[in-house]
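Each chain, written out:
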Amino acid sequence: LPLSERKLIERITRLASARSAKLPLIRTGIGDDCAVLRPPPGQELLLTTDFSLEGIHFRREWHPPNLVGHRCLARGLSDIAAMGGKPLAAFLSLGLPTDLPQSWVDGFFTGMLALARQFGVALPGGDLAQSPVQGKYPGRVLADIMVVGAVPVGKAVLRSGARPGDRIYLTGSLGAPAAVVSALYAGGKVSGKDRRLMQPSPRVAVGIFLRQRGLAQAMIDVSDGLSTDLSHICESSRVSAEIVSESLPRGTFGGQPVSLEMALHGGEDYQLLFTARPHARIPRSIAGVPVTEIGRIIRATTKRRMFLIHNGRRQVLPVRGWEHFTRGT
Ligand SMILES: [Mg+2]
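Residues numbered from 1 in each chain as written. Predicted model: local features only at pLDDT ≥ 70, side-chain atom pairs only at ≥ 80, totals over all residues. Heavy atoms only, no water.

A. Spotlight on helix H4 (residues 176-185). In terms of burial, H4 is largely enclosed, as eight of its 10 residues are buried. Residues Ala176, Pro177, Ala178, Ala179, Val180, Val181, Ala183 and Leu184 constitute the buried set of H4. In this fold, the buried residues of H4 make contact with helix H5 (192-195), strand S10 (252-253) and helix H8 (260-265). Looking one or two residues past H4, Gly187 carries a phi angle of roughly 80°, positive in sign. (Buried < 20%, exposed > 50% of the residue type's maximum accessible area, 1.4 Å probe, protein only. Helix = DSSP H or I, 4+ residues; strand = E, 2+ residues; numbered from the N terminus. Contact = heavy atoms within 4.5 Å.)

Here is the structure:
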(Lines give C-alpha, C1' and ligand atoms only; values in the text may rest on other atoms or scores of the structure.)
Protein backbone atom coordinates (compact mmCIF):
# COMPACT_ATOMS: atom_id res chain seq x y z
CA LEU A 1 0.00 0.00 0.00
CA PRO A 2 1.27 3.46 -0.78
CA LEU A 3 0.26 4.65 2.66
CA SER A 4 1.44 2.96 5.82
CA GLU A 5 -1.22 1.37 7.97
CA ARG A 6 -0.80 4.15 10.53
CA LYS A 7 -1.19 6.87 7.92
CA LEU A 8 -4.21 5.12 6.48
CA ILE A 9 -5.87 4.82 9.88
CA GLU A 10 -5.16 8.50 10.52
CA ARG A 11 -6.78 9.37 7.25
CA ILE A 12 -9.85 7.19 7.88
CA THR A 13 -10.15 8.58 11.38
CA ARG A 14 -10.11 12.10 10.01
CA LEU A 15 -12.73 11.24 7.40
CA ALA A 16 -14.97 9.23 9.67
CA SER A 17 -14.88 10.63 13.15
CA ALA A 18 -15.38 14.34 12.70
CA ARG A 19 -19.09 13.84 13.13
CA SER A 20 -19.00 10.62 15.15
CA ALA A 21 -18.03 12.58 18.23
CA LYS A 22 -21.29 14.49 18.07
CA LEU A 23 -23.49 11.40 17.97
CA PRO A 24 -24.96 10.57 21.41
CA LEU A 25 -24.35 6.85 20.80
CA ILE A 26 -20.58 7.16 20.60
CA ARG A 27 -18.74 7.88 23.84
CA THR A 28 -15.34 6.86 22.48
CA GLY A 29 -14.62 6.11 18.84
CA ILE A 30 -11.40 5.33 16.96
CA GLY A 31 -8.33 5.65 19.15
CA ASP A 32 -8.97 3.26 22.00
CA ASP A 33 -9.08 -0.54 22.23
CA CYS A 34 -12.85 -0.57 21.87
CA ALA A 35 -15.51 1.88 20.89
CA VAL A 36 -17.78 2.69 23.81
CA LEU A 37 -21.43 2.87 22.80
CA ARG A 38 -24.37 4.11 24.81
CA PRO A 39 -27.63 2.64 23.49
CA PRO A 40 -30.48 5.15 23.36
CA PRO A 41 -32.81 4.69 26.38
CA GLY A 42 -35.69 2.26 25.78
CA GLN A 43 -34.03 0.81 22.70
CA GLU A 44 -32.56 -2.55 21.79
CA LEU A 45 -29.47 -2.81 19.64
CA LEU A 46 -29.49 -4.55 16.26
CA LEU A 47 -26.23 -6.01 15.00
CA THR A 48 -25.46 -7.38 11.58
CA THR A 49 -22.28 -8.33 9.74
CA ASP A 50 -21.78 -8.57 6.00
CA PHE A 51 -18.84 -9.70 3.93
CA SER A 52 -17.93 -7.96 0.69
CA LEU A 53 -15.34 -10.19 -0.92
CA GLU A 54 -13.66 -9.44 -4.19
CA GLY A 55 -14.51 -12.13 -6.74
CA ILE A 56 -17.61 -13.16 -4.79
CA HIS A 57 -19.60 -10.01 -4.08
CA PHE A 58 -17.88 -7.65 -6.47
CA ARG A 59 -15.23 -7.46 -9.14
CA ARG A 60 -12.74 -4.65 -9.29
CA GLU A 61 -13.00 -4.56 -13.10
CA TRP A 62 -16.78 -4.11 -12.97
CA HIS A 63 -17.38 -2.13 -9.83
CA PRO A 64 -15.73 1.25 -9.39
CA PRO A 65 -14.22 1.66 -5.88
CA ASN A 66 -16.84 4.14 -4.63
CA LEU A 67 -19.57 1.68 -5.65
CA VAL A 68 -17.82 -1.12 -3.72
CA GLY A 69 -17.63 1.10 -0.60
CA HIS A 70 -21.26 2.12 -1.01
CA ARG A 71 -22.48 -1.47 -1.45
CA CYS A 72 -20.44 -2.72 1.47
CA LEU A 73 -22.25 -0.39 3.88
CA ALA A 74 -25.59 -0.58 2.02
CA ARG A 75 -25.80 -4.34 2.63
CA GLY A 76 -25.63 -3.79 6.39
CA LEU A 77 -28.01 -0.81 6.34
CA SER A 78 -30.50 -2.90 4.40
CA ASP A 79 -30.44 -5.57 7.13
CA ILE A 80 -31.16 -2.91 9.78
CA ALA A 81 -33.99 -1.57 7.58
CA ALA A 82 -35.48 -5.07 7.37
CA MET A 83 -35.93 -5.06 11.17
CA GLY A 84 -37.58 -1.64 11.15
CA GLY A 85 -34.50 -0.21 12.86
CA LYS A 86 -32.47 2.95 12.64
CA PRO A 87 -28.79 2.45 11.76
CA LEU A 88 -26.37 4.20 14.11
CA ALA A 89 -22.80 3.07 13.59
CA ALA A 90 -20.67 0.83 11.40
CA PHE A 91 -17.40 -0.99 12.06
CA LEU A 92 -15.23 -2.02 9.16
CA SER A 93 -12.55 -4.69 8.91
CA LEU A 94 -10.65 -4.34 5.70
CA GLY A 95 -8.05 -6.60 4.06
CA LEU A 96 -6.19 -4.84 1.26
CA PRO A 97 -3.68 -6.38 -1.17
CA THR A 98 -0.27 -4.73 -1.08
CA ASP A 99 -0.40 -3.74 -4.76
CA LEU A 100 -3.71 -1.89 -4.48
CA PRO A 101 -3.49 1.74 -5.63
CA GLN A 102 -4.16 4.32 -2.92
CA SER A 103 -6.73 5.93 -5.24
CA TRP A 104 -8.81 2.74 -5.00
CA VAL A 105 -8.79 2.90 -1.20
CA ASP A 106 -9.76 6.58 -1.30
CA GLY A 107 -12.60 5.85 -3.73
CA PHE A 108 -13.84 3.04 -1.51
CA PHE A 109 -14.04 5.32 1.53
CA THR A 110 -15.55 8.17 -0.46
CA GLY A 111 -18.44 5.90 -1.51
CA MET A 112 -18.88 4.40 1.93
CA LEU A 113 -18.72 7.66 3.86
CA ALA A 114 -21.11 9.45 1.49
CA LEU A 115 -23.71 6.79 2.25
CA ALA A 116 -22.86 6.89 5.97
CA ARG A 117 -23.42 10.66 5.97
CA GLN A 118 -26.74 10.26 4.17
CA PHE A 119 -28.01 7.97 6.94
CA GLY A 120 -26.29 9.69 9.87
CA VAL A 121 -24.18 6.61 10.54
CA ALA A 122 -20.85 6.93 12.37
CA LEU A 123 -17.76 4.86 11.64
CA PRO A 124 -16.22 4.70 15.10
CA GLY A 125 -13.86 1.79 14.59
CA GLY A 126 -12.40 -0.93 12.46
CA ASP A 127 -9.35 -2.92 11.56
CA LEU A 128 -6.94 -3.04 8.64
CA ALA A 129 -4.77 -5.87 7.35
CA GLN A 130 -2.85 -6.85 4.26
CA SER A 131 -4.57 -9.56 2.30
CA PRO A 132 -2.20 -12.27 1.06
CA VAL A 133 -0.87 -12.43 -2.49
CA GLN A 134 -0.46 -16.14 -3.23
CA GLY A 135 1.69 -17.33 -6.10
CA LYS A 136 0.21 -16.17 -9.37
CA TYR A 137 -3.05 -15.13 -7.71
CA PRO A 138 -3.29 -11.45 -6.98
CA GLY A 139 -4.40 -10.35 -3.54
CA ARG A 140 -8.06 -9.59 -3.10
CA VAL A 141 -9.95 -6.88 -1.30
CA LEU A 142 -11.82 -8.30 1.69
CA ALA A 143 -14.24 -6.09 3.58
CA ASP A 144 -16.35 -7.14 6.53
CA ILE A 145 -18.73 -4.56 7.90
CA MET A 146 -20.69 -4.66 11.11
CA VAL A 147 -23.60 -2.26 11.42
CA VAL A 148 -25.22 -1.32 14.72
CA GLY A 149 -28.79 -0.10 14.75
CA ALA A 150 -31.50 0.48 17.32
CA VAL A 151 -35.19 -0.25 17.63
CA PRO A 152 -37.61 0.35 20.53
CA VAL A 153 -37.63 -2.60 22.94
CA GLY A 154 -39.69 -5.50 21.57
CA LYS A 155 -40.55 -3.72 18.32
CA ALA A 156 -38.09 -5.27 15.86
CA VAL A 157 -39.96 -6.70 12.86
CA LEU A 158 -38.99 -10.37 12.60
CA ARG A 159 -39.28 -12.91 9.79
CA SER A 160 -41.56 -15.05 11.89
CA GLY A 161 -44.72 -12.92 12.08
CA ALA A 162 -46.47 -13.89 8.82
CA ARG A 163 -49.90 -15.60 9.02
CA PRO A 164 -52.08 -17.23 6.36
CA GLY A 165 -54.19 -14.53 4.73
CA ASP A 166 -51.46 -11.85 5.01
CA ARG A 167 -50.76 -9.91 1.84
CA ILE A 168 -47.18 -9.84 0.57
CA TYR A 169 -45.67 -6.48 -0.40
CA LEU A 170 -42.46 -5.35 -2.00
CA THR A 171 -40.72 -1.97 -2.24
CA GLY A 172 -39.33 -0.76 -5.56
CA SER A 173 -38.67 -3.23 -8.35
CA LEU A 174 -36.70 -6.43 -8.86
CA GLY A 175 -34.12 -7.82 -11.21
CA ALA A 176 -32.27 -4.83 -12.64
CA PRO A 177 -29.04 -5.29 -10.63
CA ALA A 178 -28.92 -8.99 -11.56
CA ALA A 179 -29.54 -8.13 -15.21
CA VAL A 180 -26.54 -5.78 -15.16
CA VAL A 181 -24.34 -8.49 -13.64
CA SER A 182 -25.49 -11.06 -16.14
CA ALA A 183 -24.76 -8.65 -19.01
CA LEU A 184 -21.27 -8.07 -17.59
CA TYR A 185 -20.74 -11.84 -17.41
CA ALA A 186 -21.77 -12.17 -21.03
CA GLY A 187 -19.11 -9.59 -21.90
CA GLY A 188 -21.74 -7.08 -22.98
CA LYS A 189 -21.44 -3.32 -22.84
CA VAL A 190 -23.06 -1.69 -19.83
CA SER A 191 -23.49 2.08 -19.73
CA GLY A 192 -22.39 4.08 -16.69
CA LYS A 193 -26.05 4.85 -16.02
CA ASP A 194 -27.01 1.16 -16.02
CA ARG A 195 -23.97 0.30 -13.89
CA ARG A 196 -25.44 2.52 -11.18
CA LEU A 197 -28.35 0.05 -10.96
CA MET A 198 -25.87 -1.99 -8.89
CA GLN A 199 -25.79 0.82 -6.30
CA PRO A 200 -28.60 0.00 -3.86
CA SER A 201 -30.58 2.50 -1.76
CA PRO A 202 -31.28 0.86 1.61
CA ARG A 203 -34.98 1.23 2.47
CA VAL A 204 -34.41 2.50 5.99
CA ALA A 205 -37.19 5.11 5.97
CA VAL A 206 -39.72 2.55 4.70
CA GLY A 207 -38.73 0.04 7.40
CA ILE A 208 -39.10 2.64 10.15
CA PHE A 209 -42.47 3.82 8.77
CA LEU A 210 -43.84 0.26 8.71
CA ARG A 211 -42.55 -0.53 12.19
CA GLN A 212 -43.82 2.70 13.77
CA ARG A 213 -47.33 2.10 12.45
CA GLY A 214 -47.26 -1.62 13.21
CA LEU A 215 -48.05 -2.42 9.56
CA ALA A 216 -45.43 -5.08 8.78
CA GLN A 217 -45.97 -8.47 10.41
CA ALA A 218 -42.87 -10.13 8.93
CA MET A 219 -40.09 -8.49 6.98
CA ILE A 220 -36.81 -9.29 5.21
CA ASP A 221 -34.60 -7.50 2.73
CA VAL A 222 -34.28 -9.07 -0.71
CA SER A 223 -30.54 -9.61 -1.08
CA ASP A 224 -30.37 -13.18 -2.38
CA GLY A 225 -33.36 -13.09 -4.74
CA LEU A 226 -37.11 -12.96 -4.11
CA SER A 227 -37.58 -16.75 -4.16
CA THR A 228 -34.82 -17.32 -1.60
CA ASP A 229 -35.75 -14.48 0.74
CA LEU A 230 -39.48 -15.22 0.63
CA SER A 231 -38.65 -18.82 1.54
CA HIS A 232 -36.90 -17.51 4.68
CA ILE A 233 -40.13 -15.78 5.76
CA CYS A 234 -42.08 -18.98 5.01
CA GLU A 235 -39.62 -21.09 7.04
CA SER A 236 -39.57 -18.76 10.02
CA SER A 237 -43.34 -18.19 10.01
CA ARG A 238 -44.19 -21.84 9.15
CA VAL A 239 -46.40 -20.81 6.24
CA SER A 240 -46.43 -21.03 2.45
CA ALA A 241 -46.79 -18.25 -0.10
CA GLU A 242 -48.32 -17.53 -3.46
CA ILE A 243 -46.89 -14.89 -5.81
CA VAL A 244 -48.74 -13.47 -8.82
CA SER A 245 -46.22 -13.10 -11.64
CA GLU A 246 -48.11 -10.28 -13.40
CA SER A 247 -48.03 -8.16 -10.25
CA LEU A 248 -44.25 -8.34 -9.83
CA PRO A 249 -42.67 -4.92 -10.40
CA ARG A 250 -39.81 -5.65 -12.77
CA GLY A 251 -36.88 -3.29 -13.08
CA THR A 252 -35.63 -2.09 -16.43
CA PHE A 253 -32.19 -2.54 -17.90
CA GLY A 254 -31.06 -1.18 -21.25
CA GLY A 255 -34.55 0.27 -21.71
CA GLN A 256 -36.23 -3.15 -21.41
CA PRO A 257 -38.07 -4.72 -18.47
CA VAL A 258 -36.00 -7.57 -17.06
CA SER A 259 -37.13 -11.18 -17.47
CA LEU A 260 -39.46 -12.82 -14.96
CA GLU A 261 -36.59 -15.15 -14.12
CA MET A 262 -34.36 -12.20 -13.11
CA ALA A 263 -37.15 -10.66 -11.02
CA LEU A 264 -37.83 -13.93 -9.18
CA HIS A 265 -34.31 -15.17 -8.58
CA GLY A 266 -31.86 -12.38 -9.44
CA GLY A 267 -30.72 -11.00 -6.11
CA GLU A 268 -28.81 -7.86 -5.10
CA ASP A 269 -32.06 -5.87 -5.08
CA TYR A 270 -31.96 -4.69 -1.45
CA GLN A 271 -35.69 -4.04 -1.48
CA LEU A 272 -37.93 -4.80 1.50
CA LEU A 273 -40.30 -7.74 1.34
CA PHE A 274 -43.00 -7.74 4.03
CA THR A 275 -46.38 -9.12 4.91
CA ALA A 276 -49.37 -7.22 6.31
CA ARG A 277 -52.76 -8.30 7.61
CA PRO A 278 -55.44 -8.33 4.88
CA HIS A 279 -57.29 -5.31 6.34
CA ALA A 280 -54.13 -3.20 6.80
CA ARG A 281 -53.95 -0.12 4.61
CA ILE A 282 -50.56 -0.03 2.97
CA PRO A 283 -49.74 3.20 1.11
CA ARG A 284 -48.80 2.76 -2.54
CA SER A 285 -45.71 4.83 -1.88
CA ILE A 286 -43.72 5.21 1.34
CA ALA A 287 -40.90 7.76 1.67
CA GLY A 288 -40.98 8.19 -2.10
CA VAL A 289 -40.59 4.44 -2.75
CA PRO A 290 -43.38 2.55 -4.56
CA VAL A 291 -44.89 -0.35 -2.62
CA THR A 292 -46.63 -3.16 -4.53
CA GLU A 293 -48.79 -6.07 -3.41
CA ILE A 294 -47.35 -9.18 -5.08
CA GLY A 295 -49.14 -12.13 -3.47
CA ARG A 296 -50.38 -13.64 -0.26
CA ILE A 297 -49.41 -15.96 2.55
CA ILE A 298 -51.24 -19.28 2.62
CA ARG A 299 -51.36 -22.21 5.03
CA ALA A 300 -48.23 -24.31 5.05
CA THR A 301 -48.34 -27.01 2.40
CA THR A 302 -46.32 -30.20 2.62
CA LYS A 303 -42.64 -29.32 2.28
CA ARG A 304 -43.75 -25.71 2.72
CA ARG A 305 -43.63 -25.07 -1.01
CA MET A 306 -44.18 -21.67 -2.58
CA PHE A 307 -46.30 -21.07 -5.67
CA LEU A 308 -46.32 -18.76 -8.65
CA ILE A 309 -49.54 -17.86 -10.41
CA HIS A 310 -48.51 -17.34 -14.01
CA ASN A 311 -50.95 -16.85 -16.89
CA GLY A 312 -53.74 -18.01 -14.58
CA ARG A 313 -51.97 -21.29 -13.77
CA ARG A 314 -50.54 -22.17 -10.42
CA GLN A 315 -47.07 -23.69 -10.46
CA VAL A 316 -44.45 -24.43 -7.83
CA LEU A 317 -42.03 -21.54 -7.30
CA PRO A 318 -38.59 -23.08 -6.87
CA VAL A 319 -36.04 -21.53 -4.52
CA ARG A 320 -33.05 -20.57 -6.55
CA GLY A 321 -30.20 -19.00 -4.62
CA TRP A 322 -28.13 -16.12 -5.74
CA GLU A 323 -24.74 -17.22 -7.00
CA HIS A 324 -23.07 -13.87 -6.48
CA PHE A 325 -20.21 -13.22 -8.85
CA THR A 326 -18.65 -16.65 -8.83
CA ARG A 327 -20.11 -18.14 -12.00
CA GLY A 328 -17.43 -18.94 -14.53
CA THR A 329 -14.51 -18.31 -12.22
MG1 LIG B 1 -30.95 -9.50 5.28
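B. Examining the sheet that holds strand S6 (residues 142-152) more closely. Pairing within the open sheet is mixed, and its four strands lie in the order S3-S6-S4-S5. Edge strands, defined here as strands with exactly one partner in the open sheet, are strand S3 (43-53) and strand S5 (122-131). Adjacent strand axes in the sheet meet at a mean angle of 15°, parallel and antiparallel pairs treated alike. Where strand S4 (residues 86-97) lies against S6, nine bridges are found, and the strand directions are antiparallel. Each bridged residue has a counterpart across the sheet, and for Ser93 the counterpart in S6 is Asp144. The strands that helix H3 (residues 102-118) touches are S4, S5 and S6; relative to S4, the one it contacts most, it runs at about 170°. (Pairing = 2+ DSSP bridges. Axes fitted to C-alpha atoms, helices over the stretch in contact; angles between N-to-C directions.)

C. Region of interest: the coordination of the magnesium ion. Only Asp79 (OD) and Asp221 (OD) from the protein reach the magnesium ion as donors, at distances of 2.1 Å. Here Asp221 lies in strand S8 (residues 218-222) and Asp79 lies in helix H2 (residues 65-81), a separation of 142 residues in the sequence. Take Asp79: its relative accessible area is 21%, and that puts it in the partly exposed class. When its relative accessible area of 3% is taken as the criterion, Asp221 is described as buried. (Donors = N, O, S within 2.8 Å, 3.2 Å for Na, K, Ca; no water.)

D. A look at the nonpolar core. Counting 51 residues, the largest nonpolar core has Leu73, Leu92, Phe108 and Phe109 as the members making the most contacts within it. Per-element accounting of this core gives the leading share, eight residues, to H3. With residues near it in sequence (within four places) discarded, Leu73 still touches Ala90, Met112, Leu115, Ala116, Ile145 and Val147. By size, the runner-up hydrophobic cluster in this structure holds 24 residues, among which are Ile220, Cys234, Ala263 and Met306. (Core = buried A, V, L, I, M, F, W, Y, C linked by side-chain atoms within 4.5 Å.)

E. Spatial organisation of the side chain of Thr48. By the secondary structure assignment, Thr48 is in strand S3. Take Thr48: its relative accessible area is 13%, and that puts it in the buried class. Separated by 3.0 Å, the side chains of Thr48 and Asp79 make a polar contact. Excluding anything up to four places from it in sequence, Thr48 contacts Gly76, Asp79, Ile80, Ile145, Met146 and Val147. (Polar contact = N/O pair within 3.5 Å; in protein donor to acceptor, adjacent residues only side chain to side chain.)

F. View of the pairing of S8. Of all five residues that make up S8, five are buried, and the element is covered over most of its length. As defined by bridge partners, S8 adjoins strand S12 (residues 271-276) across five bridges and the pair is classed as antiparallel. By the bridge assignment, Asp221 is partnered in S12 with Leu272.

G. Seen up close, unusual backbone geometry. The backbone of Arg238 shows a phi angle near 55°, a positive value even though the residue is not glycine. Tracing the chain through its elements places Arg238 in the loop between helix H7 (226-237) and strand S9 (240-244). Of note, the phi angle at Asn311 is positive, near 50°, even though the residue is not glycine. On the secondary structure map, Asn311 appears in the loop between strand S15 (306-310) and strand S16 (313-317). On the basis of relative accessible area, Asn311 is assigned to the exposed category, the value being 60%.

H. Main features of the pairing of S15. Two strands pair when backbone bridges link them, and S9 and S15 are joined in this way by four bridges, in the parallel orientation. Note that in S15 the partner of Val244 across the bridge is Ile309. Pairing geometry for S15 and S16, over five bridges, is antiparallel. When the sheet's bridge partners are listed, Met306 is paired in S16 with Leu317. Between S15 and S16, which follow one another and run antiparallel, lie two residues, and Asn311 among them has a positive phi close to 50°.

I. Broad picture of the packing of aromatic side chains. A full pass over the atoms with the stated rule returns five aromatic pairs. Consider the rings of Phe58 and Trp104, whose centres lie 6.5 Å apart with planes at 25°: the pair is stacked. With a gap of 46 residues between them, Phe58 in the loop between S3 and H2 and Trp104 in helix H3 connect regions that are remote in the sequence. Where Trp104 meets Phe108, the ring centres are 5.7 Å apart and the plane angle is 20°; that geometry is what we call stacked. With Trp104 and Phe108 both in helix H3, this residue pair falls four residues apart, about one helical turn. Since its relative accessible area comes to 8%, Trp104 is described here as buried. Members of the aromatic cluster, joined through ring pairs, are Phe58, Trp104, Phe108 and Phe109. The ring centre of Trp62 lies 4.5 Å from the NZ or CZ of Arg59, which sits over that ring. When the ring centre of Phe209 is taken as origin, the NZ or CZ atom of Arg213, which lies over that ring, is 3.8 Å away. (Phe/Tyr/Trp six-rings, centres within 6.5 Å; stacked < 30°, edge-to-face > 60°. Lys NZ or Arg CZ within 6 Å of the ring centre and 35° of its normal.)

On their own, these measurements won't tell you what the molecule is for.
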